[in-house]
Amino acid sequence: MAVLSKGNLFDPVIVQDLVSKVKGHSSLAVLSAKEPLSFNGNKEFIFTMDSEVDIVAENGKKSHGGVKIEPKIVTPLKVEYGARVSDEFIYASEEEQINILKAFNDGFAKKVARGLDLMAMHGVNPRTGTASTVIGTNHFDATITQTVTFDAAQVEENIEAAVAMIQGADGDVTGMAMAPAFSGALATLKVNGVKQYPELAWGSNPAAINGLKVDINRTISDGTDVKDRAIIGDFQDMFSWGYAKEIPLEVIKYGDPDNSGNDLKGYNQVYLRAEVYLGWGILDADSFVRIVTV
């Protein structure tokens, strides 16, 4: 099949569809307004100005205000996903091949979105669930040291304490990612028998609460020994993520590409493999707070 031989790329329309799905399934992508990064990575600069502006009288002397520049490197990592399908894919009509690719694209997008959260929040390899040496400390659990202890009975106070920490460090709060356990505590909160957050009833995932952009996702709390129940902070300006616009797709007809022990030809199968380069960076740790269990 010439169109989908090794090394070909997803059609641009499919790539855009994939990225749109990622933005819809990843809490970090939902809350971050940053544009995708370049394939080779980006260097972002954080400017810290020490003083306020100064009034200068006529013929007066100007003074030094001071500035500190800290570069943050955001380098994409390669992630891949593959699946075996019947070799009837090779012989199917073009229409049927497109249907199979659409289904694969949909599943791939969901896995990439979940993977982005798990990697950037917890520093794990999504497939194994174990800490990734490639990621190192470039994730929220390692970088964000400001924490508030989760208390379901004091969930509003938890949020207010986190906001106070960020604002106390001259930061802004633009969004909050919540685990189901955290949103559930808000959903059941009542005052004089009246639910305070009816928009969270029955597992709903509203776009905002009290004017703050929010997203509810299991990725916040998924994983062994993960204590996060919510992450709040300046996702709009102090978190960057990106992807490669060229996403290669391979149709592998021979061998055992997934190391399963089963030869493709022997089982009348072909292997679909897609790769994407994802990168992210936490630009200012003081602009975020994790709400955690003890």
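This write-up is about the structure you can find in this document. Note that the coordinates shown come from a computational prediction; the quantities given were computed from them, not determined experimentally.

**What to know about unusual backbone geometry**
Turning to step 1, where the next piece is worked out: A positive phi is found at Asn-210, a non-glycine position, where the angle reads about 55°.
Turning to step 2, where the next piece is worked out: You can see Asn-210 is positioned in the loop between β8 (208-209) and β9 (212-216).
Turning to step 3, where the next piece is worked out: One non-glycine residue, Asn-259, lies in positive phi territory at about 55°.
Turning to step 4, where the next piece is worked out: Examined against the element boundaries, Asn-259 turns out to sit in the loop between β12 (249-252) and β13 (269-282).

**Considering the pattern of salt bridges**
Turning to step 1, where the next piece is worked out: Counting across every chain of the model gives 9 salt bridges.
Turning to step 2, where the next piece is worked out: With a closest N to O distance of 4.0 Å, Lys-78 and Glu-275 form a salt bridge. Separated by 197 residues along the polypeptide, Lys-78 in strand β3 (residues 77-86) and Glu-275 in strand β13 bring together distant segments of the chain.
Turning to step 3, where the next piece is worked out: We classify Glu-275 as buried; its relative accessible area is 17%.
Turning to step 4, where the next piece is worked out: The salt bridge partner of Arg-290 is Asp-228, with a shortest N-O separation of 2.9 Å. Of the two residues, Arg-290 is situated in strand β14 (residues 288-292) and Asp-228 in strand β10 (residues 228-233); the sequence distance between them amounts to 62 residues.
Turning to step 5, where the next piece is worked out: Via salt bridges that share partners, Glu-80, Arg-127 and Arg-273 belong to a single interconnected network.

**Points about the layout of surface pockets**
Turning to step 1, where the next piece is worked out: If you add up the space inside the largest pocket, you get close to 530 Å³.
Turning to step 2, where the next piece is worked out: Lining the largest pocket are 19 residues, with Val-79, Glu-80, Asn-125, Pro-126 and Arg-127 sitting closest to its centre.
Turning to step 3, where the next piece is worked out: When residues of the lining of the largest pocket are traced back to their parent elements, those giving at least two are β3 and α4 (94-122).
Turning to step 4, where the next piece is worked out: Examining the composition of the lining of the largest pocket, we find that 7 residues originate from one element, α4, more than from any other.
Turning to step 5, where the next piece is worked out: Here the residues of the lining of the largest pocket are counted per class, giving 11 nonpolar, 3 polar and 5 charged.

**Here we look at the packing of helix α1 (residues 12-25) against α4**
Turning to step 1, where the next piece is worked out: Interhelical geometry of α1 versus α4 gives an angle of 45° and a closest axis separation of 8 Å. On the basis of their axis angle, the class for α1 and α4 is oblique. Taken as a pair, α1 and α4 cross one another with a handedness that is right-handed. Residues Ile-14, Asp-17, Leu-18, Lys-21, Val-22 and His-25 of α1 lie in contact with α4, whose contacting residues are Asn-105, Asp-106, Phe-108, Ala-109, Lys-110, Val-112, Ala-113 and Asp-117.
Turning to step 2, where the next piece is worked out: Its residues assigned to classes, the contact of α1 with α4 shows 7 nonpolar, 2 polar and 5 charged.

**Points about the packing of aromatic side chains**
Turning to step 1, where the next piece is worked out: Enumeration over the complete set of coordinates arrives at 7 aromatic pairs.
Turning to step 2, where the next piece is worked out: With centroids separated by 5.6 Å and ring planes inclined at 35°, the aromatic side chains of Phe-140 and Phe-239 adopt a geometry described as tilted. Pair noted here: Phe-140 is in helix α5 (residues 140-143) and Phe-239 is in strand β11 (residues 239-243), with a separation of 99 residues, a long-range link.
Turning to step 3, where the next piece is worked out: By relative accessible area, which is 0% here, Phe-239 ends up buried.
Turning to step 4, where the next piece is worked out: With 5.5 Å between their ring centres and 40° between their planes, Phe-150 and Phe-182 make a pair best called tilted. With Phe-150 in the loop between β4 (147-149) and α6 (155-168) and Phe-182 in helix α7 (residues 180-187), this residue pair connects regions lying 32 residues apart in the sequence.
Turning to step 5, where the next piece is worked out: For Phe-150, a relative accessible area of 18% gives the class buried.

**What to know about the sheet that holds β4**
Turning to step 1, where the next piece is worked out: Spatial strand order, β4-β14-β10-β5-β9-β8: 6 strands in an open sheet with mixed pairing. Looking at the sheet topology across the chains shown, the edges are occupied by β4 and β8.
Turning to step 2, where the next piece is worked out: By the bridge criterion, 2 bridges tie β8 to β9 in an arrangement that is antiparallel. Bridge assignment links Ala-208 to a residue of β9, and that residue is Lys-213.
Turning to step 3, where the next piece is worked out: Each of β4, β5 (175-178), β10 and β14 touches α6; the most contacted strand, β14, lies at about 155° to it.
Turning to step 4, where the next piece is worked out: Seen against the sheet, α7 touches β5, β9, β10 and β14 and runs at an angle of roughly 105° to β5.

Basis of the calculations
- Residues numbered from 1 in each chain as written.
- Predicted model: local features only at pLDDT ≥ 70, side-chain atom pairs only at ≥ 80, totals over all residues.
- Heavy atoms only, no water.
- Helix = DSSP H or I, 4+ residues; strand = E, 2+ residues; numbered from the N terminus.
- Salt bridge = Lys/Arg side-chain N within 4 Å of Asp/Glu carboxyl O.
- Buried < 20%, exposed > 50% of the residue type's maximum accessible area, 1.4 Å probe, protein only.
- 1 Å grid on protein atoms, 1.4 Å probe; cavity = no way out; pocket = protein on both sides within 12 Å on 5 of 7 lines; lining within 4 Å.
- Points joined across faces, edges and corners; volume = space filled by probe spheres on them.
- Nonpolar A, V, L, I, M, F, W, Y, C, P; charged D, E, K, R; others polar.
- Axes fitted to C-alpha atoms, helices over the stretch in contact; angles between N-to-C directions.
- Parallel < 35°, antiparallel > 145°, perpendicular 65-115°, else oblique.
- Left-handed = near helix turned anticlockwise from the far one by under 90°.
- Contact = heavy atoms within 4.5 Å.
- Phe/Tyr/Trp six-rings, centres within 6.5 Å; stacked < 30°, edge-to-face > 60°.
- Pairing = 2+ DSSP bridges.

As far as function goes, none of this settles anything; it's purely spatial.
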